[in-house]
Amino acid sequence: MTDRPLISRVHLDTGALLLAAGLSAWLLWRPELIQGLPFALRLPLVALGVWALGATFARPLVGGIERGRLEKLVNGPWSQRALWGFALVLIGRAWLT
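Residues numbered from 1 in each chain as written. Predicted model: local features only at pLDDT ≥ 70, side-chain atom pairs only at ≥ 80, totals over all residues. Heavy atoms only, no water.

What follows deals with the side chain of threonine 56. With respect to the helices and strands, the residue threonine 56 is situated in helix α3 (residues 39-62). Overall, threonine 56 belongs to the buried group, its relative accessible area being 1%. (Helix = DSSP H or I, 4+ residues; strand = E, 2+ residues; numbered from the N terminus. Buried < 20%, exposed > 50% of the residue type's maximum accessible area, 1.4 Å probe, protein only.)

Below is the structure:
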């Protein structure tokens, strides 16, 4: 029996990339999910989306580079949580409208 985890880091990164690509396409298809919000709510949501999607798309590019701060920001636990939080907000927004 091996001590390998059932879900490896590669699988998690691939799943996160697919989720980010799906969210990006969904927002292109239905921009009213964010446009319908008041500006005070829209601005933080756009900032969260830029961070979450940007960090997810940059993660494979940063993997081979030894850059301390950039690698910490992209591979940190907050970037993964931001992606899932952004996805949950969009799903909740779509469900309510």
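The next subject is the packing of α3 against helix α4 (residues 68-75). Look at α3 against α4: their axes get within 8 Å of each other, and the N-to-C directions meet at 125 degrees. By the angle between their axes, α3 is oblique relative to α4. Of the two elements, α3 crosses α4, and the hand of that crossing is left-handed. Here α3 contributes Trp51, Ala55, Ala58, Arg59 and Val62 to the contact with α4, which in turn contributes Leu70, Glu71, Leu73, Val74 and Asn75. Grouping the amino acids of the contact of α3 with α4 by side-chain chemistry returns 7 nonpolar, 1 polar and 2 charged. (Axes fitted to C-alpha atoms, helices over the stretch in contact; angles between N-to-C directions. Parallel < 35°, antiparallel > 145°, perpendicular 65-115°, else oblique. Left-handed = near helix turned anticlockwise from the far one by under 90°. Contact = heavy atoms within 4.5 Å. Nonpolar A, V, L, I, M, F, W, Y, C, P; charged D, E, K, R; others polar.)

With that settled, the discussion passes to the packing of α3 against helix α5 (residues 77-96). Taken N-terminus to C-terminus, the directions of α3 and α5 make an angle of 125 degrees; their axes are 8 Å apart at the nearest point. Classified by the angle between their axes, α3 and α5 sit oblique to one another. Crossing of α3 against α5: the hand is left-handed. Of the residues in α5, those touching α3 at Leu45, Leu48, Gly49, Trp51, Ala52, Leu53, Ala55, Thr56 and Arg59 are Trp78, Ser79, Gln80, Ala82, Leu83, Phe86 and Val89. Its residues placed into classes, the contact of α3 with α5 shows 11 nonpolar, 4 polar and 1 charged.

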